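Spelled out, the chains give:
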Amino acid sequence: MRKNILLIGGSHGIGFEIALKLYSEHNIYIASRTSENLGNLEVTHIDYDASTDEIDTSLLPEKIDGFVYCPGSINLKPFKMLTPQAFEDDMQINFMFLVKIIHTILPKLKNAEQASLIFFSTVAVKVGMPFHTSIAAAKGAIEGFAKALAAEYAPQFRVNVIAPSLTDTPLAKRLLGNDKKKELMNNRHPLKRVGQAEDIANIARFLLSDDSSWITGQVIGVDGGMSTLNVN
């Protein structure tokens, strides 16, 4: 059965990889600032900037079966160099804009038989890492929110979180900018490589499918073993 799936941010990185895996099987709606890379995909693009816009719900179907919120940030600095404004900015893009869009589309999610919602966290919530205070705080808010939302709307919604480690996407370009950096980051992981967008998209596709119909309220680490293994 074809589902109506809304991706917030889907023109590049993980969101684009999710769209690639789903567009032939489902009706995909991508709300993002740009439509680059989407020319060959049979998807519906909606111009949308989470920081300034209200999404035009008239462009969405009456029923939304799946929802994925992709926008995020990687703001890694020593705490003493992170201003309170930096914390607020990270909280806005990672968490508050997510809350805002869910409020807006809530009636359409309720029209589904059992909507599946997917948010993104980071391995740095579970494993304390230097220079991650701001992003870990913002993503930690997402994890708590997801579990509470899953409880409040069960069984009508399923809500799950994917918590990756470093993944090779445009957002991580600064951390993987040359071969030396890539080798260093690869070796930090027990599986000796950083993540690829496809690694994350495979889990998202599963969580959006009926194959995961008994999974909700979970934070799923897709992190090359980083959060649970100590093999170095």
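Below or above, wherever it landed, is the structure these notes cover. (Residues numbered from 1 in each chain as written. Predicted model: local features only at pLDDT ≥ 70, side-chain atom pairs only at ≥ 80, totals over all residues. Heavy atoms only, no water.)

Quick look at the overall build of the protein chain
Move 1: Counting secondary structure elements, the protein chain contains six helices and nine strands.
Move 2: The principal-axis extents of the C-alpha atoms in the protein chain amount to approximately 50 × 35 × 35 Å.
Move 3: Of all 232 residues assigned to the protein chain, the portion counted as buried reaches 50%.
Move 4: Intrachain contacts of the protein chain at a sequence separation of at least 6 include 70% that bridge at least 24 residues. (Helix = DSSP H or I, 4+ residues; strand = E, 2+ residues; numbered from the N terminus. Buried < 20%, exposed > 50% of the residue type's maximum accessible area, 1.4 Å probe, protein only. Contact = heavy atoms within 4.5 Å.)

A short note on the packing of aromatic side chains
Move 1: Under the counting rule described, the total for this entry stands at four aromatic pairs.
Move 2: Between Phe95 and Phe145, the ring centres sit 5.5 Å apart and the planes meet at 80°, which makes this aromatic pair edge-to-face. Taken as a pair, Phe95 in helix 2 (residues 84-110) and Phe145 in helix 4 (residues 133-153) lie far apart in primary sequence, 50 residues in all. Residue Phe95 shares its accessibility class with Phe145, and that shared class is buried.
Move 3: Ring centres of Phe119 and Phe145 lie 5.9 Å apart, and the angle between their planes is 20°; on these two criteria the pair is classed as stacked. Placement of the pair is Phe119 in strand 5 (residues 115-120) and Phe145 in helix 4, with a sequence separation of 26 residues. (Phe/Tyr/Trp six-rings, centres within 6.5 Å; stacked < 30°, edge-to-face > 60°.)

Focus: helix 4
Move 1: Helix length check: helix 4, at 21 residues, gives a terminal C-alpha distance of 30 Å against a target of 30 Å (1.5 Å per residue), a fit within 8%.
Move 2: Those residues of helix 4 not exposed but buried are Ser134, Ile135, Ala136, Ala138, Lys139, Ile142, Glu143, Phe145, Ala146, Leu149, Ala150 and Tyr153. (Expected span 1.5 Å × (residues − 1).)

Side note on the packing of helix 1 (residues 13-22) against helix 6 (residues 197-208)
Move 1: With their axes 8 Å apart at the nearest point, helix 1 and helix 6 run at an angle of 55° to one another. In terms of axis orientation, helix 1 runs oblique to helix 6. At the point where helix 1 passes helix 6, the crossing takes the right-handed sense. Residues Gly13, Ile14, Glu17, Ile18, Lys21 and Leu22 of helix 1 form the contact with helix 6, whose own contacting residues are Ala197, Glu198, Ile200, Ala201, Asn202, Ala204, Arg205 and Leu208.
Move 2: Residues belonging to the contact of helix 1 with helix 6 are distributed by class as follows: eight nonpolar, two polar and four charged. (Axes fitted to C-alpha atoms, helices over the stretch in contact; angles between N-to-C directions. Parallel < 35°, antiparallel > 145°, perpendicular 65-115°, else oblique. Left-handed = near helix turned anticlockwise from the far one by under 90°. Nonpolar A, V, L, I, M, F, W, Y, C, P; charged D, E, K, R; others polar.)

Side note on the pattern of salt bridges
Opposite charge on two side chains permits pairing when their charged atoms draw close.
Move 1: For the structure on display, the rule yields six salt bridges.
Move 2: Residue Lys3 pairs with Asp210 through a salt bridge whose shortest N-O separation is 2.8 Å. Linking Lys3 in the segment before strand 1 (4-8) with Asp210 in the loop between helix 6 and strand 9 (219-222), this pair joins segments that are 207 residues apart in sequence.
Move 3: With relative accessibility at 10%, the residue Lys3 sits in the buried group.
Move 4: Note that Lys21 and Glu198 form a salt bridge whose closest N and O atoms lie 3.2 Å from each other. A residue pair is termed long-range when its members are at least 10 positions apart, and Lys21 in helix 1 and Glu198 in helix 6 qualify at 177 residues.
Move 5: We classify Lys21 as buried; its relative accessible area is 14%.
Move 6: Judged by relative accessible area, which is 43%, Glu198 ranks as partly exposed. (Salt bridge = Lys/Arg side-chain N within 4 Å of Asp/Glu carboxyl O.)

A look at the pairing of strand 4 (residues 66-69)
Move 1: Residues Gly66 and Val68 line one face of strand 4 and the alternating positions Phe67 and Tyr69 line the opposite face, and both faces are buried.
Move 2: Where strand 1 lies against strand 4, four bridges are found, and the strand directions are parallel. Bridging across to strand 4, Leu7 finds its partner in Val68.
Move 3: One ladder, built from three bridges, connects strand 4 with strand 5; its direction is parallel. Looking at the pairing, Gly66 lines up with Ser116 of strand 5.
Move 4: With helix 2 bridging strand 4 and the parallel strand 5, this β-α-β connection has right-handed handedness. (Pairing = 2+ DSSP bridges. Right-handed = clockwise from strand over helix to strand, strands pointing away.)

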